[in-house]
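Chain residues, written in single-letter form:
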Amino acid sequence: LKRRTLLAAATLGMLLGPFASADYKAEYTVSTVLPAAFPWGQAAEKWVELVTERSQGRINMKIYSNSQLVSGDQTKEFSAMRSGLIDMAVGSTINWSPQVPELNLFSLPFLMPDEQAIDAITQGEAGEAVFKAIEKRGVTPLAWGENGFRELSNSKRAIVTPDDLKGLKIRVVGSPLFQDTFSALGANPTQMSWADAKPALTTGAVDGQENPLSVFDVARIDQVGQLYLTQWHYMADPLVFAVSNRVWKTFSVEDQALLKQAAIDAGQWEIKKSRAELADTLATIKQRGVNVTDLTPEQQAAFVQATQSVYDSWTPRIGADLVKQAQDAVANR
Ligand code: X2X
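The rules behind these values
What you see as residue numbers is a count from 1 along each chain, following the sequence as written. It should be noted that, the model being predicted, local features are given only for residues of pLDDT at least 70 and side-chain atom pairs only at 80 or more, the latter also being counted only at that level, while totals for whole chains, interfaces and linings use all residues. Side-chain measures here rest on the full set of heavy atoms in the structure, leaving out hydrogens and waters. Helix and strand definitions follow DSSP, with helices as H or I runs of at least four residues and strands as E runs of at least two, each counted in order from the N terminus. For every residue, the accessible area (1.4 Å probe, protein chains only) is compared with the maximum for its type, and the residue is labelled buried under 20%, exposed over 50%, or partly exposed between those bounds. Using a 1.4 Å probe, the Shrake-Rupley method yields the accessible areas, and only the shown protein chains count as cover for residues. Only four residue types enter the charge count, namely Lys and Arg as positive and Asp and Glu as negative; His and the chain termini do not. Charge coordinates come from a single atom per side chain, which is NZ of Lys, CZ of Arg, CG of Asp or CD of Glu. Criterion for a salt bridge: a side-chain nitrogen of Lys or Arg within 4 Å of a carboxyl oxygen of Asp or Glu. Any residue with a non-hydrogen atom lying within 4 Å of a molecule or strand is treated as near it. Any pair of nitrogen or oxygen atoms within 3.5 Å is treated as a polar contact; in protein, a donor-acceptor pairing is required on top of that, and neighbouring residues in sequence qualify only through side-chain atoms on both sides. Each residue gets one label: Ala, Val, Leu, Ile, Met, Phe, Trp, Tyr, Cys and Pro are nonpolar, Asp, Glu, Lys and Arg are charged, and the others, such as Gly, are polar. Note on contacts: a residue pair qualifies if any of its non-hydrogen atoms lie within 4.5 Å across the two residues. Each residue after the first adds 1.5 Å to the expected span of a helix. What the arc describes is the spread of directions from the helix axis to the C-beta atoms. In this analysis, axes come from line fits to C-alpha atoms, helices being fitted only over the stretch in contact, and the angle between any two N-to-C directions falls in the range 0 to 180 degrees. For any pair of crossing helices, the crossing counts as left-handed if the nearer helix is rotated counterclockwise from the farther one by less than a right angle, and right-handed if it is rotated clockwise. Strand pairing is assigned whenever DSSP identifies at least 2 bridges connecting the two strands. Any pair of Phe, Tyr and Trp rings, taking the six-membered ring for Trp, is counted once the centres come within 6.5 Å. Such a pair is stacked with planes under 30 degrees apart, edge-to-face with planes over 60 apart, and tilted for the rest. To form a nonpolar core, buried Ala, Val, Leu, Ile, Met, Phe, Trp, Tyr and Cys residues must be joined to one another through side-chain atoms within 4.5 Å.

Can you walk me through the overall build of the chain in this structure?
Each helix and strand counted, the chain has 14 helices and 10 strands in total. On the principal axes, the C-alpha backbone points of the chain span a range of 65 × 40 × 30 Å. Burial statistics for the chain: of 333 residues in total, 54% are counted as buried. Accessible area of the chain: about 14,300 Å², with a carbon and sulfur share of 52%. Of the side chains in the chain, 32 bear a positive and 37 a negative charge, and the two mean positions are spaced by 7 Å.

Laid out in structure tokens, this is it:
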């Protein structure tokens, strides 16, 4: 540790004096991929704000966005948290799925047709089972947030049928499941981090990408030639508020409850806010001249059909019971 950091920590300790617990860190790192301009970053900010307020500054969390704690490689975030290099995170199920196979559940194409379906899974038994799987691998999950339904954009043409995707080079995120989904559709998927995605879209190294409307809007994906957007709602990635097990066990029972309740409140706040903003975001995107395609139920069905093979290869890896539990939750929502 640098001398200055030690000094700052000591000063803080003196200021907080009787309130700060001796074995608490001067700062807890909170990792996110997207910064505060996006709902994702706002979810983390709200969590920090609530914890600061409710602990009267005893628990000091600092957000490190753009996956900077893992040099931009968002698929390493979970391992870094497990090993204690990162204390806390608000992370996407997609980015953690290489280490927690159960998290691929949410990436199964067309499993969740609407927001009620997401809630039916996260707020029910399937959600609890997913949290247990995360905990088993060294990280304590506290609450759910939401990145959102991921829609498909590209620079070439309107995508209305699976055939329209043939041969298009699509940037996908870290789980191998996405390779399978886009290969099944006849596209040419290429996996890269978010840090590399925008440059690749700019140079035309890839033709398309998939991300929630909020990300498309705030990152100004339209400005790099992505002028075709298909609202196919093929999957949505929840966010998980979590703490490394190594760090979690150092907190008092009262502070564990405080951290958890603050995460739940921040998650609910962010989910509500980001859903409420969707209509405006879509209008903004259209105003910028992006050609937006909505699919009829029949057109949608063709994509569902074309991606069935993903269920065959991924259900055993996710766990047949968990997939069934989730499908039942969606059916009974
Ligand atoms: O990389 C992405 O596409 C992003 C920002 O949505 C995730 O981290 C899953």
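Help me out: how do you make sense of unusual backbone geometry in this one?
Trans peptide bonds make up most of the peptide bonds, and negative phi angles are found at most residues other than glycine. Phi at S71 is positive, roughly 50°, even though this residue is not glycine. For S71, a relative accessible area of 72% corresponds to the exposed category. You will see that F110, though not glycine, has its phi angle at about 65°, which is positive. Here F110 is to be found in the loop between α4 (93-96) and α5 (115-122). Judged by its relative accessible area of 15%, F110 falls in the buried class.

Whenever I open this one, the pattern of salt bridges confuses me. Can you help?
It is possible for side chains of opposite charge to pair when their charged atoms get near one another. Per the stated rule, a full pass over the model turns up 18 salt bridges. Between D114 and R333 there is a salt bridge whose closest N-O contact spans 2.9 Å. One end of the pair, D114, is in the loop between α4 and α5; the other, R333, is in the segment after α14 (320-331), and 219 residues separate them in sequence. When its relative accessible area of 23% is taken as the criterion, D114 is described as partly exposed. Accessibility expressed as a relative area gives 46% for R333, which makes it partly exposed. Residue R288 is joined to D217 by a salt bridge in which the shortest nitrogen-to-oxygen separation is 2.9 Å. Of this pair, R288 sits in the loop between α11 (253-287) and β10 (291-294) while D217 is found in helix α9 (residues 213-218), placing the two residues 71 residues apart along the sequence. Sharing partners across several salt bridges, the network here consists of D217, R220, D222 and R288.

I keep staring at the site of the ligand and nothing clicks. Help me out?
Taken together, the neighbourhood of the ligand is formed by 13 residues, with Q74, N95, R150, R171 and N211 sitting nearest. The separation between an oxygen atom of the ligand and a polar side-chain atom of N95 is 2.9 Å. In the environment of the ligand, an oxygen atom lies 3.3 Å from a nitrogen or oxygen atom belonging to the side chain of N147. Surface burial for the ligand is 100%, taken as the share of its 270 Å² of free accessible area covered by protein chains. Here the shell around the ligand is built from residues that sort into 5 nonpolar, 5 polar and 3 charged.

Teacher, can you tell me more about the environment of R54 here?
Among the structural elements, R54 can be located in helix α2 (residues 39-54). A residue is classified by how much of its surface remains accessible, and R54, at 35% relative accessible area, is partly exposed. Residues R54 and L259 lie 205 residues apart in sequence; the distance between their C-alpha atoms is 9.1 Å. Excluding residues that lie within four positions of it along the chain, R54 makes contacts with L258, Q261, A262 and D265.

I tried to follow α14 on my own but got confused; where do I start?
Side chains three or four residues apart in an α-helix point the same way, a direct result of the helix having 3.6 residues per turn. Between its first and last C-alpha atoms α14 spans 16 Å; for 12 residues at 1.5 Å apiece the expected length is 16 Å, and the two agree. All of the buried residues in α14 are L322, V323, A326, A329 and V330. Taken down its axis, α14 places every buried residue within 125° of arc, on the same side. In α14, the exposed positions angled more than 90 degrees off the buried face are occupied by D321 and A331.

Got a minute to help me understand the packing of α2 against α11 in this structure?
Helices that pack against each other are described as a pair by the angle of their axes relative to one another and the distance between those axes. Where α2 contacts α11, the two axes come as close as 8 Å, and the packing angle between them is 145°. Here α2 and α11 pass one another in a crossing that is right-handed. Only L258, L259, Q261, A262, A263, D265, A266, W269, E270, K273 and S274 of α11 make contact with α2, whose side of the interface consists of P39, W40, Q42, A43, K46, W47, L50, V51 and R54. Per-class residue counts for the contact of α2 with α11 are 12 nonpolar, 3 polar and 5 charged.

Could you clarify how one ought to interpret the pairing of strand β9 (residues 236-244) in this entry?
Looking down a regular strand, the side chains alternate between one sheet face and the other. Among the 9 residues of β9, 9 are classified as buried, and the element is accordingly described as predominantly covered. Here β9 shows a buried face lined by A236, P238, V240, A242 and S244 and a second buried face lined by D237, L239, F241 and V243. Here strand β4 (residues 139-154) pairs with β9 via 9 bridges, running antiparallel. Bridging across to β9, F149 finds its partner in A236.

Got a minute to help me understand the packing of aromatic side chains in this structure?
Aromatic ring pairs are defined here through the distance separating the ring centres and the angle between the ring planes. The full count for this structure, using the stated rule, is 12 aromatic pairs. Aromatic pair Y24 and F251: ring centres 5.1 Å apart, planes at 75°, arrangement edge-to-face. Here F251 lies in the loop between α10 (245-248) and α11 and Y24 lies in the loop between α1 (3-16) and β1 (28-31), a separation of 227 residues in the sequence. Taken together, the aromatic side chains of F110, F182, W232, Y234 and F303 make up a single cluster linked through ring pairs.

What's the story with the nonpolar core in this structure? I'm lost.
A general tendency of soluble globular proteins is for nonpolar side chains to be buried together. With 47 residues, the main nonpolar core has W47, M61, M88, F251 and L259 as its most contacted residues. In this structure, M61 is in contact with Y28, V30, W47, V48, V51, M88 and L259, ignoring residues within four places of it in sequence. With 37 residues, the next largest nonpolar core counts A89, V100, F106 and V139 among its residues.

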